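# Reading the structure
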Amino acid sequence: MDVKIEQTWKDALADEFGKPYFESLVRFLHDEKTAGKRIFPPGSQIFRAFELTPVPQVKVVILGQDPYHGLGQAHGLSFSVPDGIPAPPSLKNIFKEIETDLGVRMSGYPNLEKWARQGVLLLNAILTVRAGEAASHSRIGWEEFTDAVIRYISDNCSGVVFMLWGNFARSKRELIDRSRHYVLEAAHPSPLARGAFFGCRHFSQANRLLEAQGKTPIDWQL
């Protein structure tokens, strides 16, 4: 895999790319492709979240677990799917919460690039997946890499709002310096959480926290 990543992130994470775990990760992905395995998202989109949200622009982090494993769904942004793909159930619930929280009408437009371009880092902890096999690329090194991403933001940015939904995301809170940043926790928006996500009001909370720092709030409406 040719690591093509936005320059500020390339500089920030330069040490990671030479570490044994990352070299092993690259070999694993190469072997998967050589064996004829289909991997999502396409190679050019693996680091899409970093491309759209450079380090100096990060204001909010929404942490997912791993990419969607259905055809055409994953495009490098957590919870997001490309234009023309139906919104998955978790994303539909995110939209419902935004409508209730902010009193706006969501179009159902499932591509979250608009958020990413405003400073919302849509980060999956695992950046690739084998087609049709959820979590198939867990424990191959991605978690170590994205933990380094979270630590970098924690150590080098200020006043970032982290949204941690579900037990997996919440397990990452120990990587975040809460004297420098804000951590909002809630149940996962998946229907399996039986509606426990609803009422978290994270989107209005995030904007209040940003505005209190003199930062431009996120326009969440799509």
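Model, not experiment: these values are computed from the prediction. For every chain, the first residue of the written sequence is number 1, and numbering continues from 1 along that sequence. Local features in this predicted model are restricted to residues whose pLDDT is 70 or higher, and side-chain atom pairs enter the listing and the counts only when it is 80 or higher, whereas totals over whole chains, interfaces and linings include all residues. As a rule here, side-chain values come from all non-hydrogen atoms in the structure, and water together with hydrogens is ignored.

## Overview of the environment of Asp 155
Heads up, the rule is: By the criteria applied, helices consist of DSSP H or I runs no shorter than four residues and strands consist of E runs no shorter than two, each listed in order from the N terminus. Categorising residues by exposure relies on relative accessible area from a 1.4 Å probe, with only protein chains included: less than 20% of the type maximum marks a residue as buried, more than 50% marks it as exposed, and the intermediate range marks it as partly exposed.
Relative to the assigned elements, Asp 155 resides in helix 7 (residues 142-156). Looking at Asp 155, the relative accessible area reads 55%, which means it is exposed.

## Describing the packing of helix 3 (residues 20-34) against helix 7
To characterise two packed helices, one gives the angle between the axes of the helices and the distance between these axes. Short version of the rule: Helix axes are fitted to C-alpha atoms over the stretch in contact, other axes to C-alpha atoms as well, and angles between N-to-C directions run from 0 to 180 degrees. The cut-offs work like this: below 35 degrees is roughly parallel, past 145 is roughly antiparallel, 65 to 115 is roughly perpendicular, and the gaps in between are oblique. Crossings are sorted by hand: turned counterclockwise from the far helix by less than a right angle, the near helix makes the crossing left-handed, and turned clockwise it makes it right-handed. The contact criterion used throughout is that any non-hydrogen atoms of two residues lie within 4.5 Å. Think of it as three bins: nonpolar holds Ala, Val, Leu, Ile, Met, Phe, Trp, Tyr, Cys and Pro, charged holds Asp, Glu, Lys and Arg, and polar takes everything else, Gly as well.
Two elements in contact, helix 3 and helix 7, have axes whose closest approach is 9 Å; the angle formed by their N-to-C orientations is 130 degrees. Between helix 3 and helix 7, the angle falls in the class oblique. Every pair of crossing elements has a handedness; the one defined by helix 3 and helix 7 is left-handed. Between helix 3 and helix 7, the contacting residues are Tyr 21, Phe 22, Leu 25 and Leu 29 on the first element and Trp 142, Glu 144 and Phe 145 on the second. The residue makeup of the contact of helix 3 with helix 7, split by class, is six nonpolar, no polar and one charged.

## Some thoughts on the environment of Tyr 182
Here Tyr 182 lies in strand 6 (residues 182-186). Of the residues examined, Tyr 182 reaches a relative accessible area of 32% and is grouped as partly exposed. C-alpha separation for the pair Tyr 182 and Asp 15, spaced 167 residues apart in sequence, amounts to 27 Å. Discounting residues that sit within four places of it in the chain, Tyr 182 has contacts with Gly 159, Val 160, Val 161, Phe 162, Leu 209 and Gln 213.

## Remarks on the packing of helix 5 (residues 89-102) against helix 9 (residues 202-212)
In contact at an axis separation of 8 Å, helix 5 and helix 9 are set at 60 degrees when each is read in the N-to-C sense. Classed by the angle they form, the pair helix 5 and helix 9 counts as oblique. Listed contacts from helix 9 to Ile 94, Glu 97, Ile 98, Asp 101 and Leu 102 of helix 5 are His 202, Phe 203 and Ser 204.

## Description of the environment of Ser 24
With respect to the secondary-structure elements, Ser 24 resides in helix 3. For the pair Ser 24 and Ile 140, spaced 116 residues apart in sequence, the C-alpha to C-alpha distance is 7.9 Å.

## What to know about the nonpolar core
A general feature of soluble globular proteins is that nonpolar side chains tend to end up buried together. Counted only if it meets this: Definition used in this section: a nonpolar core is a set of buried Ala, Val, Leu, Ile, Met, Phe, Trp, Tyr and Cys residues joined via side-chain atoms within 4.5 Å.
Grouped together as the largest cluster of nonpolar side chains are 68 residues, with contacts concentrated most on Trp 9, Trp 115, Trp 142, Phe 145 and Trp 220. Not counting the four nearest positions on each side in its chain, Phe 145 is found in contact with Leu 13, Glu 16, Phe 17, Tyr 21, Phe 22, Phe 47, Phe 50 and Leu 127.

## Quick word on the pairing of strand 2 (residues 60-64)
Where a strand is regular, its side chains alternate between the two sheet faces. What counts here: By definition, two strands form a pair when at least two bridges between them are found by DSSP.
Within strand 2, five of the five residues are buried, which leaves the element mostly enclosed by the surrounding structure. What you see with strand 2 is no split at all: Val 60, Ile 62 and Gly 64 on one side and Val 61 and Leu 63 on the other are buried throughout. In this structure, strand 2 lies alongside strand 3 (residues 120-124), joined through five bridges in parallel fashion. Counted as the bridge partner of Leu 63 is Leu 123 from strand 3.

## Details of the pattern of salt bridges
Side chains that differ in sign of charge can pair as their charged atoms come close. Defined as follows: For this document, the term salt bridge refers to a Lys or Arg side-chain nitrogen within 4 Å of an Asp or Glu carboxyl oxygen.
As enumerated under the stated definition, the model contains 13 salt bridges in all. The salt bridge involving Glu 32 is made with Arg 130; its shortest N-O contact spans 2.9 Å. Here Arg 130 lies in strand 4 (residues 129-130) and Glu 32 lies in helix 3, a separation of 98 residues in the sequence. A relative accessible area of 8% means that Glu 32 is categorised as buried. Arg 173 is the salt-bridge partner of Glu 174, the closest N and O atoms lying 3.9 Å from each other. Classification of Arg 173 as partly exposed rests on a relative accessible area of 28%. Sharing partners across several salt bridges, the network here consists of Arg 170, Arg 173, Glu 174, Arg 178 and Glu 185.

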